[in-house]
Amino acid sequence: MGGCFSKPKPVEVKIEVVIPEKERSKEEMSPNGKASPLIYKVNGTARHYHLEEHPIASNPYHNPKDVVEASVCHVKDLENGQMREVDLGCGKALLIKESGEFHAMGHKCPHYGAPLVKGVLSKGRVRCPWHGACFNIGTGDIEDFPGLDSLPRFQSMDSHPEQIALRPKEFFRTYDIEVLTEMQVAAVDIKNKTAVFKDGFKMEYNKLLIATGNTPKALSCKGKEVENVFNIRTPEDANRVVKLATSKNVVIVGASFLGMEVAAYLAERAHSVSLVELEEVPFKKFFGERVGRAVMKMFESNRVKFYMQTEVSELREQEGKLKEVVLKSGKVLRADVCVVGVGAVPATGFLKQSGINIDSKGFIVVNKMMQTNVPGVFAAGDAVTFPLALRNNKKVNVPHWQMAHMHGRIAALNMLAHGMEISTVPYLWTAMFGKSIRYAGHGEGFDDVVIQGDLDELKFVAFYTKSDEVVAVASMNYDPIVSKVAEVLAAGRTIRKRDVETGDMSWLTGKGS
């Protein structure tokens, strides 16, 4: 995905883009099964990478040639540790200089198209400024997630399953991967190395990966079975909520990430959006009270009404469909649709008699290699607790997109006996009303929050500390500071509370250090 040379002699830096042939055999196809990547050459040394974030299904050039060569800058234009977007005449590339060597790579992150020039360059890799994906500048390999080849975008609730699938069906056919849908494993027999399905079918395994995720918690109040009450788990659920909620009254139970994101999405579509939460402030346990109040204020300015420190006591119906939500405070809310986001539990009940170690909360316990206590049995994703290097190998559960990607990669490598340990820094984000909050680290149990910037203006960075150490960071409109902090943490450096209290961020702005 990049190219490099040492002791450069040419005055100009040149990049060659070798255009892939229109027809490729399966053996030459990239892992997404659609097309080979472009080849970038920087003054003669070739590496592979896609020019854009989209798969190259058709040639992007107006007048295709076998090779396009462009002189993009003088060798002295870039200092070590600098990045620059350069125009090739047929598209853009990211040019990087580190340790005296030049590298060229695609200028956009393949996840959501973020401009990598605004990211963080450190020790041979670039971290995306939006969602934290990391790419090796010499090979182009993705080293931390999120991001897959041709990963589709999914920002709206009204989407189709194929739009949000991580891989197209053709990928599985190309690599001879059998996918069994609408089938459920009811038990695992570790003695005979067999997965037993609900219908009695049995399948033997050499290595087993369990990635069953979570099951949403349901309301336990009277009337919980009435129509138009949803736990959003599938695209079909989301599409139905959008359809039913348009110009109607919506009640959302739970100020979780799910609840808040649904509220933000429906605010302009529904007649009214009411949010019911047991806590005093949204996200208090995760982002702290001050950040939570700032987010709450943003929602209120967008017509979302909060009912805090209360619960649902009853769902009332008319002709079988939801009509009203009754709160324990006595308030009665008009409701045509109710979305429930009050948490989830690990979907591991089928493992209780298996001999696989499950903790008191139902999570599968794994080691740094994502292996359970049973040899050959691995687990990944929302259903596990694993040792987090960032927090002195404390066993944690991190139910977020980026971590699930990394779990799967580490588990797969170790199922192939590569001996790889997980060491990634958790990185997550949420988007509401066109504003994104980015977060890195693991702030569970934080005892103080140091805030720089302006919460009222929604331009801030919040450092979460435990004793004297920064354990997590969140920001809004402050890119790429979260990615920079993630790189510092990934390097094993400790950030002290005194480092962030002064407001002096010079310790974060080093060039590639």
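Residues numbered from 1 in each chain as written. Predicted model: local features only at pLDDT ≥ 70, side-chain atom pairs only at ≥ 80, totals over all residues. Heavy atoms only, no water.

Colleague: For this particular structure, what's the right way to read the pattern of salt bridges?
Modeller: A side chain of one charge can pair with a side chain of the opposite charge if their charged atoms are brought near each other. Going through the model one piece at a time under the given rule, you end up with 16 salt bridges. Taking the shortest distance from any N to any O, the salt bridge between Glu314 and Arg316 comes out at 3.7 Å. With its nearest N and O atoms 3.3 Å apart, the salt bridge here joins Glu324 to Arg316. Overall, the relative accessible area of 33% leaves Arg316 in the partly exposed class. One connected set of salt bridges, linked through shared partners, spans Arg125, Arg127 and Glu487. (Salt bridge = Lys/Arg side-chain N within 4 Å of Asp/Glu carboxyl O. Buried < 20%, exposed > 50% of the residue type's maximum accessible area, 1.4 Å probe, protein only.)

Colleague: Whenever I open this one, unusual backbone geometry confuses me. Can you help?
Modeller: Leaving glycine aside, a negative phi is the common case for residues, and trans is the common case for peptide bonds. In this structure, the amide linkage connecting Asp479 to the following residue, Pro480, adopts the cis form with an omega of 0°. Structurally, Pro480 is set in the loop between β34 (469–476) and α8 (481–490). Here the phi dihedral of Gln309 falls at roughly 55°; this positive angle occurs in a residue that is not glycine. Within the fold, Gln309 resides in the loop between β20 (304–308) and β21 (312–318). Of note in the backbone geometry, Ala417 takes a positive phi value of approximately 65° without being a glycine. When you line up the elements, Ala417 lands in the loop between α7 (401–415) and β30 (427–432). Judged by its relative accessible area of 69%, Ala417 is exposed. (Helix = DSSP H or I, 4+ residues; strand = E, 2+ residues; numbered from the N terminus.)

Colleague: I tried to follow the environment of His103 on my own but got confused; where do I start?
Modeller: On the secondary structure map, His103 appears in strand β7 (residues 101–105). Along the primary structure His103 and Ile137 are separated by 34 residues, whereas in three dimensions their C-alpha atoms are 6.4 Å apart. A polar atom in the side chain of His103 sits 3.3 Å from the backbone oxygen of Ile137. (Polar contact = N/O pair within 3.5 Å; in protein donor to acceptor, adjacent residues only side chain to side chain.)

Colleague: Even after reading the chapter, I still don't get the sheet that holds strand β28 (residues 384–388), so can you show me in this structure?
Modeller: One key point about sheets: their strands pair by backbone hydrogen bonds, in either a parallel or an antiparallel sense. Pairing within the open sheet is mixed, and its 3 strands lie in the order β26-β28-β29. Whereas interior strands pair on both sides, the edge strands pair on one side only; in this sheet they are β26 (364–365) and β29 (394–396). Here 3 bridges tie β28 to β29, and the two strands are oriented antiparallel to one another. Along β29, the bridge assignment pairs Leu388 with Lys394. (Pairing = 2+ DSSP bridges.)

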